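# Topology and contacts: notes
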Amino acid sequence: MKELHQIEPLSSWAKSKGHPFIVAGPCSAETEAQVFETVRSIVQSTSKVSMLRAGIWKPRTRPNSFEGVGVEALPWIVAAGKEVGLPVTVEVASPEHVELALKAGVDVLWIGARTTVSPFAVQELADALRGVDVPMMVKNPINPDLELWVGAIERFANVGLTKLAAIHRGFSTYEKTIYRNPPMWEIPIELRRRYPNIPIIVDPSHMGGTRDLIQPLSQQAIDMGFEGLMIESHCNPDKAWSDAKQQVTPERLAAILNHLVVRQSKVSEDGLHVLSDYRARIDRIDNYILDLLGERMGLSETIGAFKKGNDLAIHQSERWAKIVSRAIEKGIAVGLTKEFIIKLFQHIHNESIFHQTKVFEQDTVANDQKPNSI
Ligand code: PEP
Ligand code: MN
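I will try to describe carefully the structure that is included in this document. (Residues numbered from 1 in each chain as written. Chains lettered and ligands numbered in written order. Predicted model: local features only at pLDDT ≥ 70, side-chain atom pairs only at ≥ 80, totals over all residues. Heavy atoms only, no water.)

## Here we look at the environment of Gln356
Looking at the element boundaries, Gln356 is found in helix H13 (residues 338-369). Expressed as a C-alpha distance, the spacing of Gln356 and Glu301, which sit 55 residues apart in the sequence, is 5.2 Å. Those residues within four positions of Gln356 in sequence are excluded, and the remaining contacts are Ser300, Ile303, Gly304, Lys307 and Ile314. A polar contact is formed between the side chain of Gln356 and the backbone oxygen of Ser300, at a distance of 3.2 Å. (Helix = DSSP H or I, 4+ residues; strand = E, 2+ residues; numbered from the N terminus. Contact = heavy atoms within 4.5 Å. Polar contact = N/O pair within 3.5 Å; in protein donor to acceptor, adjacent residues only side chain to side chain.)

Right, here's the structure in full:
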């Protein structure tokens, strides 16, 4: 899509104090004193923060929770940012929020996961921003749907915004995991593959949901080459009015940032040749895997024709159970994890069923098309 290729690099609007680009601040602005104390304490603890955040309007899953102070809090974060010389960002969810935030002097806007899921809401926000090239960061939707995420970014690009970034905050799942919102790194990686120019900022706070997960998730984000982090920090996290469990003190924020290992490439020309040889070998292996899978599916179709001819069902659960247990045993012996083998074989099995169903349906169509001969 043409518009998405016009997105400017992060460095054109987010003046980073080195790599990665760090956004920090409380989940919510609660009181003027809390905003100022948090912001002052952040800049005293670390010089690595490049932008401040605070939620003014809070999208809460359930009613009757703290829904943000609202417009009254806007001047607090703007003034605190001015005092320490850092730009500020707030979440907007309606055209009214956009108007109020821009009027108050907010530098950068973001939309939350609960807004990105709604194309109507995103379009209303985009329409309100037509002709205003303010930087906008788009959090991923709550559900693991890359198209919805890209769609929201496109809606802003279509009205002329060029300073856009994606925020990866993890995805909601019904199953309970150690994460509040599991990272599902394959989704931002696919976003990066498709649109290498869209900056990606990772939010380990909403992803992890607890303080202890912020450090490892931040390191993973940096190891994957994403450009920045958005970390919730509060002067008194235990007493925070929202997301208390995942907010860290400015001191702990500083420790997290100091521990981050940011690898600077030291690869020589010779090293690059070695790397490209390895990559050529990987490509050859991938081709081999694909050829074998193609051959396997061809055999599945032959078996499908046999099953059809002998009135056997496509899915034979005993055979399937044997395939999986054999694969687990063999896969573990060659150094693969059980989880990977199970997932891999589920995909192979689905593809195989698809091919056999095709064979079954072809026959059915052929039979249906036969003239009724009595
Ligand atoms: C937030 O950043 O405070 C927030 C509400 O996040 P999310 O939209 O990712 O849930
Ligand atoms: Mn929060």
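Moving on from the coordinates now.
## Notes on the coordination of the manganese ion (ligand 2)
In this structure, Cys27 (SG), His206 (NE2), Glu232 (OE) and Asp243 (OD) serve as the protein donors to the manganese ion (ligand 2), at separations of 2.1 to 2.4 Å. Counting gaps between the donor residues of the manganese ion (ligand 2) yields the pattern C-x178-H-x25-E-x10-D. Of this pair, Cys27 sits in the loop between strand S1 (21-25) and helix H1 (32-45) while Glu232 sits in strand S8 (residues 228-232), and the two are 205 residues apart along the sequence. Of the two residues, Cys27 and Glu232, both sit in the buried class. (Donors = N, O, S within 2.8 Å, 3.2 Å for Na, K, Ca; no water. Buried < 20%, exposed > 50% of the residue type's maximum accessible area, 1.4 Å probe, protein only.)

## Quick notes on the pattern of salt bridges
According to the stated counting rule, one finds 14 salt bridges in the structure shown. The shortest N-O distance in the salt bridge between Lys163 and Asp133 comes to 3.4 Å. Taken together, the positions of Lys163 in the loop between helix H6 (146-158) and strand S6 (164-168) and Asp133 in the loop between helix H5 (119-128) and strand S5 (136-139) put the pair 30 residues apart, joining distant regions of the chain. Taking the shortest distance from any N to any O, the salt bridge between Arg192 and Glu227 comes out at 3.0 Å. Taken together, the positions of Arg192 in helix H7 (residues 186-194) and Glu227 in the loop between helix H9 (214-223) and S8 put the pair 35 residues apart, joining distant regions of the chain. According to the relative accessible area criterion, Glu227 is partly exposed, its value standing at 22%. (Salt bridge = Lys/Arg side-chain N within 4 Å of Asp/Glu carboxyl O.)

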